[in-house]
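# Summary of the model geometry
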Amino acid sequence: MCKDCGCTIAGQEHHHHHDDHEHGIVHDHEHQHDNTTWSATHQAAHETLNHNPQLNDAKTISVIKKILDKNDHEASHNRAHFDSHKVLGINLMSSPGSGKTSLLENIADMVDFKFAVVEGDLETSRDADRLKAKGIEAVQIQTGSACHLDAFMVHKGLHDINLDNIDVCFVENVGNLVCPASYDVGTHLNIVLVSVPEGVDKIAKYPVMFRCADLILITKTDLLPYFEYDIEKEKMEARKLKPNVDILEVNVKDKQSLQNVIDWINFKRKMR
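Residues numbered from 1 in each chain as written. Predicted model: local features only at pLDDT ≥ 70, side-chain atom pairs only at ≥ 80, totals over all residues. Heavy atoms only, no water.

## Re the pairing of strand β6 (residues 189-195)
Condition: Each residue's exposure class comes from its accessible area (1.4 Å probe, protein chains only) as a fraction of the maximum for that residue type: buried when under 20%, exposed when over 50%, partly exposed otherwise. Here a strand is any run of E in DSSP of at least two residues, a helix any run of H or I of at least four, and the numbering for each starts at the N terminus. At least two bridges found by DSSP between two strands are what make those strands a pair.
Most of β6 sits out of view: seven of its seven residues are buried. Here β6 shows two buried faces, one formed by L189, I191, L193 and S195 and the other by N190, V192 and V194. When strand β2 (residues 88-93) meets β6, the two strands line up parallel, connected through four bridges. Counterpart to L92 in the pairing with β6 is I191. As defined by bridge partners, β6 adjoins strand β7 (residues 215-219) across five bridges and the pair is classed as parallel. In the strand pairing of β7, V194 is matched with I218.

## Let's talk about the packing of aromatic side chains
Here is the rule we go by: Only Phe, Tyr and Trp rings take part, Trp by its six-membered ring, and two of them pair if their centres are within 6.5 Å. Stacked means planes under 30 degrees apart, edge-to-face means over 60, and tilted covers everything else.
Evaluated as defined, the whole model comprises two aromatic pairs. By way of ring pairs, the aromatic residues F113, F115 and F170 are connected into one cluster.

## Examining helix α5 (residues 151-158)
Count 3.6 residues to each turn of an α-helix, and residues three or four apart come out pointing the same way. In plain terms, the rule: Polar contacts, as used here, are pairs of N or O atoms within 3.5 Å; protein pairs need one atom able to donate a hydrogen and one able to accept it. Residues neighboring in sequence count only if both atoms are side-chain atoms.
With eight of its eight residues buried, α5 lies for the most part within the structure. Structurally, the start of α5 carries an N-cap: the backbone nitrogen of F152 is 3.0 Å from a side-chain oxygen of D150.

## Here we look at the pattern of salt bridges
Pairing is possible between side chains of opposite charge, provided their charged atoms come close. Here is the rule: Here, a salt bridge means any side-chain nitrogen of Lys or Arg that lies within 4 Å of a carboxyl oxygen of Asp or Glu.
For the coordinates displayed, the defined rule picks out twelve salt bridges. Taking the shortest distance from any N to any O, the salt bridge between R272 and D83 comes out at 2.7 Å. Of the two residues, R272 sits in the segment after α9 (255-271) while D83 sits in helix α2 (residues 58-84), which places them 189 residues apart along the sequence. For R272, a relative accessible area of 46% corresponds to the partly exposed category. Overall, the relative accessible area of 38% leaves D83 in the partly exposed class. In this structure, D109 engages K134 in a salt bridge whose closest nitrogen and oxygen atoms are separated by 3.1 Å. Of this pair, D109 sits in the loop between α3 (100-107) and β3 (115-121) while K134 sits in the loop between α4 (126-133) and β4 (137-142), and the two are 25 residues apart along the sequence.

## Observations regarding the packing of α3 against α4
Keep this limit in mind: An axis is simply a line fitted to the C-alpha atoms; with a helix, the fit covers only the stretch in contact. Between two such axes, the angle follows the N-to-C directions and lies from 0 to 180 degrees. In this scheme, roughly parallel covers angles under 35 degrees and roughly antiparallel covers those over 145, while 65 to 115 is roughly perpendicular and the rest are oblique. Here a residue-residue contact requires only that any non-hydrogen atoms of the pair lie within 4.5 Å. Side-chain classes are defined by residue name, with Ala, Val, Leu, Ile, Met, Phe, Trp, Tyr, Cys and Pro counting as nonpolar, Asp, Glu, Lys and Arg as charged, and the others, Gly among them, as polar.
Two elements in contact, α3 and α4, have axes separated by 9 Å at closest approach and are oriented at 10°. Relative to α4, the element α3 is oriented roughly parallel. Packed against α3, whose contacting residues are T101, S102, L104 and E105, the element α4 presents D127, R130 and L131 at the interface. Residue composition of the contact of α3 with α4, grouped by class: two nonpolar, two polar and three charged.

## Some words on the side chain of D121
Our working definition: Charged-residue counts in this description rest on Lys and Arg as positive and Asp and Glu as negative, His and the chain ends being excluded.
When you line up the elements, D121 lands in strand β3. Although D121 lies buried, it forms no salt bridge, and the closest oppositely charged side chain, K100, sits 6.7 Å away as judged by the N-O distance. D121 has contacts with D127, Q140, I141, Q142, T143 and V174, leaving out every residue within four places of it along the chain.

## What about unusual backbone geometry?
Positive phi values are uncommon outside glycine, yet K86 reaches one of about 55°. Residue position: K86 is located in the loop between α2 and β2. Relative accessible area serves as the criterion here: at 72%, K86 is assigned to the exposed category. The phi dihedral of T124 is positive, around 70°, even though this residue is not glycine. Looking at where T124 falls in the secondary structure, it is placed in the loop between β3 and α4.

Below, the structure is given as structure tokens:
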């Protein structure tokens, strides 16, 4: 089960549109990795498991740690896969409806780099279809009942993407401000979106997600006149959680705001 909400995770109830190979939580890759390598996010997750009274059972904690260990192992492989093809991996996370797919659709005609998308949703291929209609290479992962993507799901998706032809691979995670923050999918960077209509309490109420962000996008800023939303206060809340986080305001109708996101990505590409 997912340590955050109890959903079924890696290798149990997720689906992909190709069945030529399978990965589960007990799958052992033949690739060699350093099992002592931990991301800061996952280390924190391991250290705080005992704080959830519903998961205090020693056997439950042991199983969850094994699941996270195997996920981290697979994530390291995914990252090495990106690195070997000189591709920057970016994990997009947010609540449903914050504008992840719209962002990708609207930068498609503006970017000076090639990108593809691993798309995650519980059901349907609607978002992947939207991206394909814009000429973007996209692979749909249907998770079934799982409220986040994990490294195994992303690994499957990468087998259907020609990494030799792209510069950036976006992983558009399942819409959720809780579980995706705890599962390293093997990308290099995390971009977290939060939209004006969601209200002023999301950053404070879901701190784990925003602590893991390299960039926070405050989206749908064209709606500010219609909502009581103190955008500067929200930026302060974000920087209380992570002082050095980058924050950009985005309105898909404002090309300059989109260009700012593209410029940030290009800067990170050059820094690698």
